[in-house]
Amino acid sequence: AQSVTQLDSHVSVSEGTPVLLRCNYSSSYSPSLFWYVQHPNKGLQLLLKYTSAATLVKGINGFEAEFKKSETSFHLTKPSAHMSDAAEYFCVVTPEGSSNTGKLIFGQGTTLQVKP
Amino acid sequence: EPEVTQTPSHQVTQMGQEVILRCVPISNHLYFYWYRQILGQKVEFLVSFYNNEISEKSEIFDDQFSVERPDGSNFTLKIRSTKLEDSAMYFCASSVLGGRGEAEQFFGPGTRLTVL
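Summarised in this report is the structure supplied together with it. (Residues numbered from 1 in each chain as written. Chains lettered and ligands numbered in written order. Predicted model: local features only at pLDDT ≥ 70, side-chain atom pairs only at ≥ 80, totals over all residues. Heavy atoms only, no water.)

**Examining the state of the cysteines**
Across all of its chains, the model carries 2 disulfides over all chains by this definition. The disulfide bridge from C23(A) ends at C91(A), spanning 2.0 Å between sulfur atoms. Taking the torsion about the sulfur-sulfur bond, which here is approximately -70 degrees, the covalent link between C23(A) and C91(A) counts as left-handed. Taken together, the positions of C23(A) in strand β4 (residues 23-26) and C91(A) in strand β10 (residues 87-93) put the pair 68 residues apart, joining distant regions of the chain. Here C23(B) is linked by a disulfide to C92(B), with a sulfur-sulfur distance of 1.9 Å. Note on the C23(B) and C92(B) pair: the S-S dihedral is about -65 degrees, so by sign convention the disulfide is left-handed. Taken together, the residues C23(B) in strand β3 (residues 19-24) and C92(B) in strand β9 (residues 88-95) connect sequence positions 69 residues apart. For the pair formed by C23(B) and C92(B), the shared burial category is buried. (Disulfide = S-S within 2.5 Å. Helix = DSSP H or I, 4+ residues; strand = E, 2+ residues; numbered from the N terminus. Buried < 20%, exposed > 50% of the residue type's maximum accessible area, 1.4 Å probe, protein only.)

The structure is reproduced here in C-alpha cells:
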C-alpha cells in the first residue's frame, strides 16, 4: 500500500537560511506526490505537485521539490526562509490502481518554525 | 478568490448525539471530500463524493457516517451517534476534476469536533 513518511516532525530554521523538509514515499509505481501547507486557522493549501513530468517541481512562494525515484524521496526545499513560511507542511501521495476518486494519503506533517 | 468554507469552526457535543458538519465547496467544483485529523495523528481520508453518490469511502466511514449534498451548494457530513473517538478536526475539500493528481483539492479551514 502507498504511504508517505515525513522524517521530521519539527524543523526550526533562522530567517534567511535554507529550508529542507524531508519526505519518503512507498509505492510500487511512479506515484503522484504533493506538498500541502497549513497556516494556523486556514485550510490546507497546495504548494506543488509531481505527476511524472519534470522531476524538479517548482511551487508557490519559492518552494520546490525534487522527485528521486532511486531514493524514493520527495523533499521540499526553499533557499531562504521567511517568517511567513512558519506553518505545518504535509507530504501527500495518491493511491495506485484504477481508482480515480482523488483520495489523498497524508504524511504525519512537519511543523516549520522560523526564528528571526 | 473562491474558497471552501466550513461551519461551525468548533462543535462540542455529548457522546451519543448526532452532529452535522457543514461545508460550502467552491461553486464550479464537482468532486467533494471529507478528511479528518485526530490530534497528533495523520490526516485521514474519509469519503469522496461525485454526482450525488459516494465514490469511495475508507474503513473509518462506517454506518454512523453519512454525507449529503442537500441543495447544490452545501456538502454535509453527519455522524449519527458520536463516540469519544470521533473527536478530531474534520476537513472538507473540493476539486473541479477527480482522479490521480488530476486536479488540486481545495481545503476548508476545518471543524474541530469535541465529543464529551
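**Considering the nonpolar core**
By size, the foremost hydrophobic cluster in this structure holds 27 residues, and its most contacted members are W35(A), L48(A), L76(A) and Y89(A). No other element matches β10(A), which puts 4 residues into this core. Setting aside chain neighbours within four positions, we find Y89(A) in contact with Q6(A), L21(A), W35(A), Y36(A), V37(A), L47(A), F63(A), L76(A), G109(A), T110(A) and L112(A). Counting 23 residues, the second-largest nonpolar core is a separate cluster that includes V4(B), F32(B), L77(B) and V115(B). (Core = buried A, V, L, I, M, F, W, Y, C linked by side-chain atoms within 4.5 Å. Contact = heavy atoms within 4.5 Å.)

**Focus: the interface of chain B and chain A**
Contacts between chain B and chain A engage 21 residues on the former and 28 residues on the latter. For the pair chain B and chain A, the summed buried area comes to about 2000 Å², and 53% of that belongs to carbon and sulfur atoms. Along the contact surface separating chain B from chain A lie 1 salt bridge. For E56(B), the salt bridge identified is with K103(A), shortest N-O distance 3.8 Å. Inspection of the region where chain B meets chain A yields 3 residue pairs in polar contact (both at pLDDT 80 or more). Going through the elements one at a time, β4 (31-37), β5 (43-50) and β6 (53-57) of chain B are the ones with two or more residues in the side of chain B that touches chain A. (Buried area = accessible area lost by both parts, 1.4 Å probe. Salt bridge = Lys/Arg side-chain N within 4 Å of Asp/Glu carboxyl O. Polar contact = N/O pair within 3.5 Å; in protein donor to acceptor, adjacent residues only side chain to side chain.)

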